[in-house]
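Survey of secondary and tertiary structure
So the chains spell out like this:
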Amino acid sequence: MIKINSIALTAALCGFSGYADAAGCHPAFSGSATYAAGDWVSASSTVETTEACTCGTTGCPTPTGQTTGCEKTTTTTEVHNYQCASGANSAFCSQAGFEPAGQFSDSAWTKESAVCSGVVTPTPPPTPAVWSSADSGCPGAFVAGTDYAAAEKVSLAGTAYTAVYECAAAPNNQFCGKAGYEPGTGQYWAVVWTLLGSCSGTISPTSSPNYSTLTDAGGCPDAWEAGVNKYEENDKVSKNGLVFQCAAFPFSGFCGQTGYEPMPDDGTEYWKDAWTVVGYCSGTISPTASPSFDPAKHVGGCPEEWVGGTNTAYEEGDMVSITVSTSPLQKIAYTCKAWPFSGFCGLYAPNSGLPDDQQGWTMNGGCTGTIAPTTAPSFGTLNLVAGGCPQDYDENNLSGIEAGDQVSLVVSAAPTERRVVYECKSGAASAYCIQPAFIPGGQYSAMAWDLKGYCDGTISPTAAPTAYINADQPTAPAQCTSPATVKECFFEKDVTTTGVTCTCSDADCPNPNGETTGCTKDVTETTCPSVDTFSSSATYEAGDVVRIGTKKFQCKAWPYYLWCGNSAYEPSLEAGVWTDAWSEIGDCP
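**What about the overall build of the protein chain?**
- The number of helices and strands found in the protein chain is two helices and 22 strands.
- In the protein chain, buried positions account for 32% of the 589 residues.
- Long-range pairs, those at least 24 residues apart, make up 58% of the contacts in the protein chain between residues at least 6 apart in sequence.
- For the protein chain, the accessible surface area stands at approximately 33800 Å², while carbon and sulfur atoms represent 53% of it.

**Digging into the packing of aromatic side chains**
- Considering all chains together, one arrives at 26 aromatic pairs under this definition.
- Geometrically, the ring pair formed by tyrosine 35 and tryptophan 109 is edge-to-face, given 5.5 Å between the ring centres and 75 degrees between the ring planes. Here tyrosine 35, found in the loop between strand E1 (2-8) and strand E2 (40-52), pairs with tryptophan 109, found in strand E4 (residues 109-115); they are 74 residues apart in sequence, far enough to count as distant.
- One aromatic cluster in this structure is built from Phe92, Phe98, Phe104 and Trp558.
- Note that lysine 230 overlies the ring of tyrosine 231, its terminal NZ or CZ placed 5.9 Å from the centroid.

**Side note on the nonpolar core**
- If you look at the biggest cluster of nonpolar residues, it comprises 15 residues, and the most contacted ones within it are Tyr393, Ile401, Tyr422, Cys433 and Trp449.
- Looking at this core, the elements that each hand over two or more residues are strand E14 (406-412) and strand E15 (418-424).
- In this structure tyrosine 422 touches Asp405, Gln406, Val407, Leu409, Pro440, Gly441, Ser445, Trp449, Asp450, Leu451 and Lys452, once residues within four positions along its chain are discounted.
- One finds Trp224, Phe244, Tyr260 and Ala274 within the second-largest nonpolar core, a separate group that totals 13 residues.

**Thoughts on the sheet that holds strand E12 (residues 329-336)**
- Spatially, three strands are ordered E11-E12-E13 in an open sheet, and the strand pairing comes out antiparallel. On the outer flanks of this sheet lie strand E11 (319-326) and strand E13 (361-367), each paired with one strand and no other. For this sheet, the mean inter-axis angle between neighbouring strands, taken without regard to orientation, is 30 degrees.
- Note: E11 against E12, seven bridges, orientation antiparallel. Across the sheet, valine 320 pairs through a bridge with tyrosine 334, a residue of E12.

**Here's the deal with the pairing of strand E20 (residues 545-548)**
- The sheet contact formed by strand E19 (residues 532-533) and E20 spans two bridges and is parallel. From the neighbouring strand, aspartate 532 faces E20, where its bridge partner is valine 546.
- Looking at chain direction, E20 and strand E21 (residues 551-555) are connected through four bridges and run antiparallel. Within E21, the residue paired with arginine 547 across the bridge is lysine 552.
- Taking the residues between adjacent antiparallel strands as the criterion, E20 and E21 are bridged by two residues, where glycine 549 takes a positive phi near 65 degrees.

**A closer look at the state of the cysteines**
- Applying the stated rule across the entire model yields 17 disulfides.
- Across the disulfide, cysteine 55 is cross-linked to cysteine 70 (sulfur-sulfur distance 1.9 Å). With the S-S dihedral at roughly 110 degrees, the linkage between cysteine 55 and cysteine 70 falls on the right-handed side. Taken together, the residues cysteine 55 in the loop between E2 and strand E3 (71-84) and cysteine 70 in the loop between E2 and E3 connect sequence positions 15 residues apart. For the pair cysteine 55 and cysteine 70, one class covers both residues: buried.
- Here cysteine 504 connects covalently by a disulfide to cysteine 519, the sulfurs 2.1 Å from one another.

**With respect to the confidence of the model for the protein chain**
- On average, residues of the protein chain carry a pLDDT of 81, and 85% of them reach 70 or more.
- When pLDDT is averaged over each element of the protein chain, E21 comes out on top at 95 and E1 at the bottom at 40.
- Scored below 50 in pLDDT, residues 1-22 makes 66 contacts in the model with residues more than four places away or belonging to other chains.
- Considering only residues more than four positions removed or in separate chains, one finds that residues 352-357, a stretch of pLDDT under 50, has 13 contacts.

**Things to note about the side chain of serine 321**
- With respect to the secondary-structure elements, serine 321 resides in strand E11.
- Beyond its immediate sequence surroundings of up to four residues, serine 321 is in contact with Cys302, Pro303, Glu304, Glu305, Trp306, Lys331, Ile332, Ala333 and Cys367.

**Looking at the environment of phenylalanine 29**
- Here phenylalanine 29 is to be found in the loop between E1 and E2.
- We classify phenylalanine 29 as buried; its relative accessible area is 3%.
- Between the C-alpha atoms of phenylalanine 29 and serine 94, which are 65 residues apart in sequence, the distance is 9.5 Å.

**What to know about the sheet that holds strand E5 (residues 153-157)**
- Read across the open sheet, the three strands follow the order E5-E6-E7; overall the sheet is antiparallel. Only two strands of the sheet have a single partner each, and these edge strands are E5 and strand E7 (193-199). The mean angle between the axes of side-by-side strands here comes to 30 degrees, regardless of whether they run parallel or antiparallel.

**Describing unusual backbone geometry**
- Here the bond from serine 482 into proline 483 is cis, since omega is -5 degrees, no more than 30 degrees from zero.
- Of note, proline 483 is situated in the loop between strand E16 (449-454) and strand E17 (493-501).
- Here the bond from tryptophan 558 into proline 559 is cis, since omega is 0 degrees, no more than 30 degrees from zero.
- Topologically, proline 559 is positioned in the loop between E21 and strand E22 (582-587).

**What about the pattern of salt bridges?**
- Using the criterion set out here, one finds 15 salt bridges in the structure.
- A salt bridge links glutamate 305 to lysine 331; the shortest N-O distance between them is 3.4 Å. Highlighted residues: glutamate 305 in the loop between strand E10 (275-280) and E11 and lysine 331 in strand E12, separated in sequence by 26 residues.
- A relative accessible area of 34% places glutamate 305 in the partly exposed class.
- Its salt-bridge partner being aspartate 392, residue arginine 419 comes within 2.3 Å of it at the nearest N-O pair. Of this pair, arginine 419 sits in strand E15 while aspartate 392 sits in the loop between E13 and E14; the two residues are 27 residues apart in sequence, bridging distant segments of the chain.

**Overview of the side chain of asparagine 81**
- Structurally, the position occupied by asparagine 81 is in strand E3.
- Judged by its relative accessible area of 0%, asparagine 81 falls in the buried class.
- A distance of 3.0 Å separates the side chain of asparagine 81 from the backbone nitrogen of histidine 26, its partner in a polar contact.

Conventions we followed
Residues numbered from 1 in each chain as written. Predicted model: local features only at pLDDT ≥ 70, side-chain atom pairs only at ≥ 80, totals over all residues. Heavy atoms only, no water. Helix = DSSP H or I, 4+ residues; strand = E, 2+ residues; numbered from the N terminus. Buried < 20%, exposed > 50% of the residue type's maximum accessible area, 1.4 Å probe, protein only. Contact = heavy atoms within 4.5 Å. Areas by Shrake-Rupley, 256 points an atom, 1.4 Å probe, with all protein chains shown as cover. Phe/Tyr/Trp six-rings, centres within 6.5 Å; stacked < 30°, edge-to-face > 60°. Lys NZ or Arg CZ within 6 Å of the ring centre and 35° of its normal. Core = buried A, V, L, I, M, F, W, Y, C linked by side-chain atoms within 4.5 Å. Pairing = 2+ DSSP bridges. Axes fitted to C-alpha atoms, helices over the stretch in contact; angles between N-to-C directions. Disulfide = S-S within 2.5 Å. pLDDT = per-residue confidence, 0-100. Salt bridge = Lys/Arg side-chain N within 4 Å of Asp/Glu carboxyl O. Polar contact = N/O pair within 3.5 Å; in protein donor to acceptor, adjacent residues only side chain to side chain.

Pasting the structure below:
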């Protein structure tokens, strides 16, 4: 009979898992290291071989009175190589309990049958092919904490070569600069980065553009400037004598964002997702002639002059005027377009009727004098949100907003203050609620918020909740061996202590070799720990119980208990991923 026991698992993880000499031993497993699929380690174990021996002879353990059937055990030490499993099971290779030759070793590691000796000689990793057929130069180096755009490329220098990686498409690109997602090294890097190949040197400058096939656009429009919602479809900018036109929606949303400047100095080409070269230019655009005022399009009295503000300053249907001539006095009236274009009305003034004016305003015609005051607008098409107005939306304090949270937004200050209520969407879309670009009522509001109605007054304060007090029981239940004082809300947990000294001749004391001293046994006791609230710093095992108020939750069995201590799986009174690790089991008394 052969029995194997793990005895030594130490040292550090090697940086590369490929080796030339299969008979050599890989670096020893370390419980403090992090392992990935395909990594190799070695681990030593004891091998106990049992064989028959002559009873009563030296070295042959013989129970009293036994003359035949005696056996002796020989112990030797062997070292084997182990490879971390591929696929989802590789996540267990660094977990306690899954050590090579450990209790659940087969779930995470594949053992080589042959015994290894000496030290394996590492083979340098192969160098990937050059990442670009057009230019082998390296893009900018990866910098942790940077907000990387979708498809943005970075380089990362290694000992043998420099690798080039590409950031994933939206929305996963938001993780490209986060801890744990570092290209090639982070635990989850493969989720958001793609290895394109190797590089050397820097990216070569592009050659001068050929204007032979481009249209002469005449004078040059303004240069590109960064700004959210600064450009919309068909807007034009110029750079280095070229004219660029902003793409159609939804790509027009990128036209003013950092990283999408046409032909930037860093050589990146993300701008091609937002801009198209439409011609070449020289000089500046000539001023247009003064607008003509068709009497048939005269709208009567002039509304108030346009005043710049936020993207909620004006709503669909609001009217403004601008002065285009002071001598003689001439004005033009405009109407704010429907959502989402209404978000531009407070940010960009109506111009004097240029063909490219497609922002937030529609020109109505000339106007004179003033408009007679109208009655205050009615909220008849919106529902009243009962209970008063929730907290004001504050774009400088968005942390903590979750699915179902409500905010109010002032949409008009005169003649009376008007407020509308928005509610953060549920599911994955709730992640947008904490981002300023998704401001309620703004261009992308519908992706994150639901309009619930209008409100009046403030929400009445609710009474402070009564905290649950887990009091001591006057007498500990009979089945509980510890602690001395047991709480009202507790759970039973069996704890086994190994190696407890016992009398070799006792019936419950294991003694297979007929020893007279040094015998030990395992002792299992029932403890009754308190049911406390969840803590991300605690270590939970299968069967452990936590609570929210009086509601109890139990940590599931293997392998699900591995997630019980992860804050992402914290039990909740609402549906969520926590059910993968915890089960609701009732209430405290």
